[in-house]
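Understanding the architecture of this molecule
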Amino acid sequence: IDVYKPQGYASEDQTICYGTSTKISASDGAAYKWSTKTGAFTSELASPTIQPRADSTYFVLITDVHGCKKKDSVLVNVVPGIDLKYEWTKDFEECFSRPSLEITNKTDLSEEVFFDFGDGTTSDLDQVSHTYENDGTYLVRIVGKKEFCVYERGDNIPIYTVKVPNVITPDQ
């Protein structure tokens, strides 16, 4: 009589950022059946790609070449995202002055965020006025960090000097 110890194992537990995907894996088996407790996720791949929105445990039933079965699991922790919010307005103080961008952080103040103005300038103030040296369209972003995860949201904002003539000559 041959007695076999079931073979196979699942990958280590892991932590990912909200909105990202990762691979979980099992090995040393001939067949795999992955599932979650609720059954919302199933797979027969050795290494399925997953994108959980909250902490989740993935269970795997590994069948080895001898037909022996082994159970294992992988816990995937998800670092919560940041609901990044901000408001902006363009300000033109004088006809020939450079336009400025008034920007206000509307994100929960307990979150670690900063603004990137798209011209190499940043600010961690919750309300700031920024004047651009050159005309152009700038990707203005609010960037938040939680644990090792970086989240961002941005808008392309056109910044151009408005030149209003001070003399109007009627056609002759």
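Residues numbered from 1 in each chain as written. Predicted model: local features only at pLDDT ≥ 70, side-chain atom pairs only at ≥ 80, totals over all residues. Heavy atoms only, no water.

**Details of the packing of aromatic side chains**
Counted by the stated rule, this structure contains four aromatic pairs. Where F41 meets Y58, the ring centres are 5.3 Å apart and the plane angle is 85 degrees; that geometry is what we call edge-to-face. Residue F41 is found in the loop between β5 (31-36) and β6 (42-43), and its partner Y58 is found in strand β8 (residues 56-63); the two are separated by 17 residues along the sequence. In this structure Y58 comes out as buried when scored by relative accessible area, which is 5%. An aromatic cluster is built from Y86, F115 and F117, whose rings are joined through pairwise contacts. (Phe/Tyr/Trp six-rings, centres within 6.5 Å; stacked < 30°, edge-to-face > 60°. Helix = DSSP H or I, 4+ residues; strand = E, 2+ residues; numbered from the N terminus. Buried < 20%, exposed > 50% of the residue type's maximum accessible area, 1.4 Å probe, protein only.)

**Remarks on unusual backbone geometry**
Even without being a glycine, D28 presents a positive backbone phi close to 65 degrees. Tracing the chain through its elements places D28 in the loop between β4 (26-27) and β5. With relative accessibility at 48%, the residue D28 sits in the partly exposed group. Unlike most non-glycine residues, E147 shows phi in positive territory, near 55 degrees. For E147, the location among the structural elements is in the loop between β15 (136-146) and β16 (149-159). Taking the relative accessible area as the measure of exposure, E147 reaches 56% and is therefore exposed.

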